[in-house]
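Take a look at the letters that make up each chain.
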Amino acid sequence: MVSEAHASLQSPLVFIHGSGESSQVWRLQVAHFGTSRAFAIDLPGHGERADTLPPQVSVLDYARVAHEIIFQELHLNAPIIAGHSLGGAIALTMALEYASELGGLILIGTGARLRVLPAILEEAQRASVVTYRDWAACNNFDIMNRLNEIRLPALIICGADDRYTPVKYSQYMHDRIGGSTLSIIPGAGHDVQMEQPERVNQAIDEWLARQ
């Protein structure tokens, strides 16, 4: 584990969860990197954060809320934004909107466009307003033609067996974000940070060491 004293001297890490999830999906990353450096946030209506958003929002809306949490609530300086799935889309959007305030990106199981199967949208609509809102925001997300605008250091991580955001999504981002690093994690699907936490943490450690 990274020592708390050493971690406090380095860029903070902010972890943003995916659709229908909460900050708890990052517990093994927060434990590894230490609570003085690693911060996992809940989006509105998720985990312990009250819902302050309407039933329909965009990824940009989520990015603006995340920015407010990170800079006005947590008061972090030049954070590295790590996002999974929807959280990755939020991280990418923050890179386009707030690049000068960020220290880098860690994009996990995500893509520049996130189309959602109609069956998943229908099931979410029946089950939860918040989860449906998440999936709908993903379904409308598309920055494929803007990836080359991103100049931040970026680590891209994908489970080798990810069926929701397959390796080709990560490869596409890697090919278009200059200087990015791509790490494919064997024996993992979409929730790679929970399925192979040690490998994910190692990939992040190695990337951070090179920054």
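Please read all numbers here as calculations on a predicted model, not as lab measurements.

## Topic: the environment of W207
Here is step 1: On the secondary structure map, W207 appears in helix 9 (residues 197-210).
Here is step 2: Here the alpha-carbon distance between W207 and G18, two residues 189 residues apart in the chain, equals 22 Å.
Here is step 3: Beyond its immediate sequence surroundings of up to four residues, W207 is in contact with I80, L105, I106, P153, A154, L155 and T181.

## Quick look at helix 4 (residues 86-97)
Note that an α-helix has 3.6 residues per turn; residues three or four places apart therefore point the same way.
Here is step 1: For helix 4, with 12 residues, the first-to-last C-alpha span of 16 Å sits near the 16 Å given by 1.5 Å per residue.
Here is step 2: Within helix 4, 11 of the 12 residues are buried, which leaves the element mostly enclosed by the surrounding structure.
Here is step 3: Taken together, the buried positions of helix 4 are L86, G87, G88, A89, I90, A91, L92, T93, M94, A95 and L96.
Here is step 4: Those residues of helix 4 that are buried are in contact with strand 1 (13-16), helix 3 (59-73), strand 3 (80-84), strand 4 (104-108), helix 6 (129-139) and helix 7 (167-176).

## Some points on the pattern of salt bridges
Here is step 1: The final tally for this structure, using the stated rule, is 3 salt bridges.
Here is step 2: Close ionic contact of E73 with R49 constitutes a salt bridge, the shortest N to O distance being 2.9 Å. In this pair, E73 sits in helix 3 while R49 sits in the loop between strand 2 (38-41) and helix 3, placing the two residues 24 residues apart along the sequence.
Here is step 3: Given the relative accessible area of 45%, E73 is considered partly exposed.
Here is step 4: The exposure class of R49 is partly exposed, given its relative accessible area of 25%.
Here is step 5: In this structure, the salt-bridge partner of R133 is D51, at a minimum N-O distance of 3.1 Å. Here R133, found in helix 6, pairs with D51, found in the loop between strand 2 and helix 3; they are 82 residues apart in sequence, far enough to count as distant.

## Description of the side chain of S183
Here is step 1: Mapped onto the fold, S183 is located in strand 6 (residues 181-185).
Here is step 2: Setting aside residues no more than four positions away along its own chain, S183 makes contact with L155, I156, I157, C158 and A203.

## Digging into the sheet that holds strand 1
Here is step 1: One open sheet accounts for 6 strands, arranged 2-1-3-4-5-6; its pairing is parallel. Strands at the two margins of the open sheet, each flanked by one partner only, are strand 2 and strand 6. The mean angle between the axes of side-by-side strands here comes to 15°, regardless of whether they run parallel or antiparallel.
Here is step 2: Here strand 1 pairs with strand 2 via 4 bridges, running parallel. Among the inter-strand pairings, I16 is bridged to a residue of strand 2, identified as I41.
Here is step 3: Strand contacts of helix 9: strand 1, strand 3, strand 4, strand 5 (154-159) and strand 6, with the helix running at about 165° to strand 5, the strand carrying the most contacts.

## Remarks on unusual backbone geometry
Here is step 1: Phi at A78 is positive, roughly 50°, even though this residue is not glycine.
Here is step 2: Relative to the helices and strands, A78 resides in the loop between helix 3 and strand 3.
Here is step 3: Non-glycine residue S85 carries a positive phi angle of around 55°.
Here is step 4: With respect to the element layout, S85 can be found in the loop between strand 3 and helix 4.

Reading the values: the criteria
- Residues numbered from 1 in each chain as written.
- Predicted model: local features only at pLDDT ≥ 70, side-chain atom pairs only at ≥ 80, totals over all residues.
- Heavy atoms only, no water.
- Helix = DSSP H or I, 4+ residues; strand = E, 2+ residues; numbered from the N terminus.
- Contact = heavy atoms within 4.5 Å.
- Expected span 1.5 Å × (residues − 1).
- Buried < 20%, exposed > 50% of the residue type's maximum accessible area, 1.4 Å probe, protein only.
- Salt bridge = Lys/Arg side-chain N within 4 Å of Asp/Glu carboxyl O.
- Pairing = 2+ DSSP bridges.
- Axes fitted to C-alpha atoms, helices over the stretch in contact; angles between N-to-C directions.

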